[in-house]
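# Structural overview
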Amino acid sequence: MKRILSIALLTATLSAGAQTQRYETHFVRPLGQVLTEIQHRFGIRLHYNIDTVGKQLAYADFRIRPYSVEESLTNVLAPFDYKFVKQPGNLYKLKAYEYPRRTDADGKKLLAYLDGLYAGKQAFTARADSLRQQVRQLLGINPVLAQCVKDAKPILSKVRKHDGYTVQNFALETLPGLYTCGSIYTPTMKGKHALIICPNGHFGGGRYREDQQQRMGTLARMGAVCVDYDLFGWGESALQVGEAAHRSSAAHIIQAMDGLLILNYMLSARKDIDTTRIGVNGGSGGGTQTVLLSVLDPRYTAAAPVVSLSSHFDGGCPCESGMPIQLAGSGTCNAELAACFAPRPQLIVSDGGDWTSTVPTLEFPYLQRVYGFFGATDAVSNVHLPKEKHDFGPNKRNAVYDFFARVFRLDRKMLDESRVTIEPETSLLSFGNKGELMPKNAIRSFAQVAPFIDPKAYQQLKSDASLEAKAKEWVASLNLADAKKAGFATTAIYNHLRAVRDWHNSHPYTTIPAGINLQTGKPLSQLERQMIADSAMPRTVHEKLMKELRRVLTEEQVEQILDKYTVGKVAFTLKGYQSIVPNMTEKETEYVLSQLKLAREQAIDYKSMKQISAIFEIYKTNCEQYFNNHGRNWRQMFSDYVKKRNAEKKKAKEAKK
Ligand code: ZN
C-alpha cells in the first residue's frame, strides 16, 4: 500500500514538474487578452468600459468552456465582479456588478427563503416590525428628520380652477433652506376627501408630464386630494441642488423625507382630509418610493406601486437603492417590504416588458400568502399587462382609478380623463420660470445640503458638488438659449470630470513600477508613473463626452469647453510662439495650432494641471522640431527672445529709478 502511494506521488510530481513554471504562476494571463481571445474563439463581440487594466486572471484558460461562451464569460468575469448581459446578435455587454439587480432565479430563491422565515401572522408581524425599524436605520432618515424645519408653512400659489378640481402649487421648506416643490390637486366637491401622496418616478418630463396630470386630475375629480412633488435634483429642486444631486444616495433619504413631511403638512393644515383614507401611489421609481413610504409611515391605509415591484430588482437609481435598505433583516427585497403593508389594501400593477414580468408567478403569490396570514388574501390584487411595456399608460392608470374607487369609495361617475386640463409646465412651478420667486434663504448648491445628511460622506459629496459647479460654470459661459441643451452638456461634462477623478483616485502612481525612462535611463518620475496610470482610462469615457457635447453644441462651442478644461492653454501657448518666432508664417501658425488642439483634446482626460501641462509639452516638442526641420533654429530663437526680454526688463527697471 505504502509503495503504491509513493509511486502515485512520484508520478504526480513528475507531471507537475513539466508545467512547473506555469503552475507556480497559477496560469495567470491578463484579463484583456483573455477577453480578446474569447471574442475570436466564439465569434462574438464584446462591448465594455469596465476596467481591465492591470487585471490578471489566474487559471485563465481553465475557465474557458469550449461548448459555452456564456459559461466561459461567467467564469472569466466572476473573479473581478464583472458580469455580461446578452444583447441582440452576437454582442455581449460587460458590466460591473450591479448590487440592486439580480436574476429572476435569484428572486425566486429569495422569496422561497423568506417564505420559510414565517409560517403565520405572529412570526410575520415580528419580522415586519423589525424590518420597519431596520429600514429607517439603514436609510439614515431619523437624524435627518431631527434637523427638519418644524411646522413649516409652505409658500402657496394661487388656486387654479378646472372642471371638477383645482390645482395649487406649493414649496415646502424641509431642511433649513431646502424646499420641496409640488402641486396639490383638490376635488371641487365639498366634504372630507381621501388623500393620495404621489411620489414621482423617472419618466421624462417628471411630474409635469401629461399622463401625470391626467392621473392627478382624474383622481381629484373622483374625490381624492392628490399631491405630487419633484424628485430631488429634478424640476425646481435642480435650481437648488443641481441635477447631478439626484445621482447621490442623498436622493434616497431626501425623497423619503419629502413624502413624510408633505403628509405631515397635509394632515395638520388641511381640514378636508379623511384620515382613514390615505393612499400612496407612483410608477417606476415612484413605485419604489410608494413601497418605501408605506414602510416608513404607518398612516397610509392603501398603497399602489406601479411597474416597480420585484423580488430581484431594488431599483437602479440612487434614489431607490442609494442607501442599503435591502440589507434590513439580513436581506430583504421590495416584495417583502410591500408585504409589510398587509392586511391593508394594496394593488400591484405589472407588465410583460420590464422586471415586473415575474409578478404573477413570483411576487404576487408570495404577497397573497402573507396577506393570507391575516385572512386578507383579497386585499392584495395584481393587474398584470403582459403585452405592455414600462410606462404609466392608460391601462395602468385605469387599474389605479379602479383600485382607489373601490378602497376609498371614490365617485366612478367622475372618471373621465378628457375633462382634465393639461397645464403647461410653467403653471406648475412654485419659484417662477427662472426661479425668481425662490426665497432668500434658499440653498443654492448640493454642498449646502450635504452637512445635514452624512458628515462622513461629505468629502465625496463636496468633490461632486465642486465638479458640478465647474461643469455648470463652463456651460453658462456659452450663454446657450436652450436650457435643455445646457443641462445635457452640463451632465456630460460632470460625468466626464467625475470619471477622470475616480479613475485617477483609484489608480495611484504606485500601481505602475518605477522602471526606466528610455531617454534618460533614470527611474520614471511620480508624474510619469501617474500619467501612465491615468492614460489607461478606457477611451469610451473620452469618446462619450465628445459625442454628447457634439450632440448639443456647435464645433466652436465644443472648442470653448475644451479650452475651459485646459485653462486657455491653446491660445496662451500660440501667443508665446508668436512672440518667440519672428514673423511666424501662416503655415507655421497652422501647424502649431493643430498640434496645440491635439494636446488640448488629449489633456482633458487628466486630473491635475501638472499633467495637463505635461501633455502640452509633448506637442510643444513637436512644434519646436517642426521649426528646426523647416529652416529655423529653435534654440537660437528662444535664446534671442530671452535676451530681448531681459534687456527690456533692465530698461524698465532703470526707467523706474
Ligand atoms: Zn432616482
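Criteria and cut-off values
Residues numbered from 1 in each chain as written. Predicted model: local features only at pLDDT ≥ 70, side-chain atom pairs only at ≥ 80, totals over all residues. Heavy atoms only, no water. Helix = DSSP H or I, 4+ residues; strand = E, 2+ residues; numbered from the N terminus. Expected span 1.5 Å × (residues − 1). Buried < 20%, exposed > 50% of the residue type's maximum accessible area, 1.4 Å probe, protein only. Arc of directions from axis to C-beta. Contact = heavy atoms within 4.5 Å. Salt bridge = Lys/Arg side-chain N within 4 Å of Asp/Glu carboxyl O. 1 Å grid on protein atoms, 1.4 Å probe; cavity = no way out; pocket = protein on both sides within 12 Å on 5 of 7 lines; lining within 4 Å. Points joined across faces, edges and corners; volume = space filled by probe spheres on them. Donors = N, O, S within 2.8 Å, 3.2 Å for Na, K, Ca; no water. Domains from an automatic or database assignment. Buried area = accessible area lost by both parts, 1.4 Å probe. Polar contact = N/O pair within 3.5 Å; in protein donor to acceptor, adjacent residues only side chain to side chain. Nonpolar A, V, L, I, M, F, W, Y, C, P; charged D, E, K, R; others polar. Pairing = 2+ DSSP bridges. Phe/Tyr/Trp six-rings, centres within 6.5 Å; stacked < 30°, edge-to-face > 60°. Lys NZ or Arg CZ within 6 Å of the ring centre and 35° of its normal.

Bringing helix H6 (residues 121-139) into the picture now. For H6, built from 19 residues, the straight-helix expectation of 27 Å at 1.5 Å per residue is met to within 8% by its first-to-last C-alpha distance of 26 Å. When H6 is considered as a whole, its buried residues turn out to be Phe124, Arg127, Ala128, Leu131, Val135 and Leu139. Looking straight down H6, one finds its buried side chains confined to an arc of 105°; they lie on one side. Of the residues in H6, the exposed ones pointing more than 90 degrees away from the buried face are Gln122, Gln133 and Gln137. Looking at the packing, one finds that the buried side of H6 touches helix H5 (104-117), helix H7 (141-146), helix H10 (250-269), helix H11 (285-296), helix H13 (334-339) and helix H14 (363-373). Once H6 finishes, Gly140 follows within two positions and takes phi at roughly 70°, a positive value.

Now for the pattern of salt bridges. Summed over the entire model, instances satisfying the criterion amount to 33 salt bridges. Measuring nitrogen to oxygen at the nearest pair gives 2.7 Å for the salt bridge that ties Arg29 to Glu37. When its relative accessible area of 33% is taken as the criterion, Glu37 is described as partly exposed. Where Lys413 meets Asp411, a salt bridge forms, and the shortest distance between an N and an O atom there is 3.7 Å. Counted as one network, the salt bridges with shared partners bring together Lys83, Lys95, Glu98 and Arg101.

Volume-wise, the second largest pocket comes out at about 340 Å³. In this structure, the second largest pocket is lined by 16 residues; those nearest its centre are Phe572, Thr573, Gly576, Ile580 and Lys620. Residue contributions to the lining of the second largest pocket peak at 8 residues, all from helix H22 (residues 569-580).

What follows concerns the coordination of the zinc ion. Around the zinc ion, the protein contributes the donor atoms His202 (NE2), His246 (NE2), Cys317 (SG) and Cys319 (SG), which lie 1.9 to 2.2 Å from the metal centre. Here the donor residues of the zinc ion share one chain and are spaced in sequence as H-x43-H-x70-C-x1-C. Accessibility classification places Cys317 together with Cys319 in one group, the buried group.

Let us now look at the side chain of Asn281. Within the secondary structure, Asn281 is located in strand S12 (residues 273-283). Assessed through its relative accessible area of 0%, Asn281 is described here as buried. Asn281 has contacts with Ile196, Ile197, Cys198, Pro199, Arg215, Thr290, Ala304, Val306, Phe392, Val400 and Phe404, leaving out every residue within four places of it along the chain.

Assigned domains of the chain: these are domain 1 (14-96), domain 2 (118-428) and domain 3 (465-641). Each of domain 1 and domain 3 has a C-alpha centre, and these two points are 35 Å apart. Facing 4 residues of domain 1, the contacting portion of domain 3 comprises 5 residues. Buried area between domain 1 and domain 3, both sides added, is near 350 Å², and the carbon and sulfur share of it is 66%. Area buried by domain 1 at its contact with domain 3 is led by Asn49, Asp51 and Val53, which between them contribute 91% of it. Taken together, the links from domain 1 to domain 3 amount to 0 salt bridges. Inspection of the domain 1/domain 3 interface yields 1 residue pair in polar contact (both at pLDDT 80 or more). Of the residues that constitute the side of domain 1 that touches domain 3, the class distribution is 2 nonpolar, 1 polar and 1 charged.

Counted according to the given criterion, the structure contains 1 cavity of 30 Å³ or more. As a volume, the largest cavity reaches approximately 50 Å³. Contributing to the lining of the largest cavity are Thr174, Leu178, Tyr179, Thr180, Asp230, Leu231, Phe232, Ser237, Ile254 and Asp258. Sorting the residues of the lining of the largest cavity by element identifies strand S9 (179-187) and H10 as the ones contributing at least two each. Tallied by class, the residues present in the lining of the largest cavity amount to 5 nonpolar, 3 polar and 2 charged.

Strand S8 (residues 165-173) sits mainly inside the fold: 9 of its 9 residues count as buried. By the alternation rule, side chains of S8 split into Tyr165, Val167, Asn169, Ala171 and Glu173 and Thr166, Gln168, Phe170 and Leu172, which are all buried. By the bridge criterion, 2 bridges tie strand S6 (residues 155-156) to S8 in an arrangement that is antiparallel. The partner of Leu156 across the bridge, within S8, is Phe170. Note: S8 against S9, 9 bridges, orientation antiparallel. The residue of S9 that forms the bridge with Val167 is Tyr185. What sits between the antiparallel neighbours S8 and S9 is a turn of 5 residues, in which Gly177 has the positive phi angle 85°.

A few words on helix H21 (residues 555-565). A turn of α-helix holds 3.6 residues, and therefore any two residues three or four places apart point the same way. Burial in H21 covers these residues: Gln557, Val558, Ile561, Leu562 and Tyr565. Across the axial projection of H21, the buried residues extend over an arc of 145°, all falling on one side. Of the residues one or two after H21, Val567 is the one with positive phi, at around 40°.

Take Gln602: it is sitting in helix H23 (residues 586-603). Distance from Gln602 to Thr377, taken between C-alpha atoms, is 63 Å for residues 225 residues apart in sequence. With residues up to four places along the chain from it excluded, the contact list for Gln602 reads Ile615 and Tyr619.

This brings us to the packing of aromatic side chains. One pass over the full model with this rule turns up 21 aromatic pairs. When the ring of Phe124 is compared with that of Phe373, the centres are 6.4 Å apart and the planes differ by 50°; the resulting orientation is tilted. Placement of Phe124 in helix H6 and of Phe373 in helix H14 is noted, with a sequence separation of 249 residues between them. No difference in accessibility class separates Phe124 from Phe373, as the two residues are buried. Put simply, the rings of Tyr577, Tyr591, Tyr626, Phe627, Trp634 and Phe638 touch in pairs and so form one group of aromatic residues. Directly above the ring of Tyr92 sits Lys86, whose terminal nitrogen or CZ lies 5.0 Å from the centroid.

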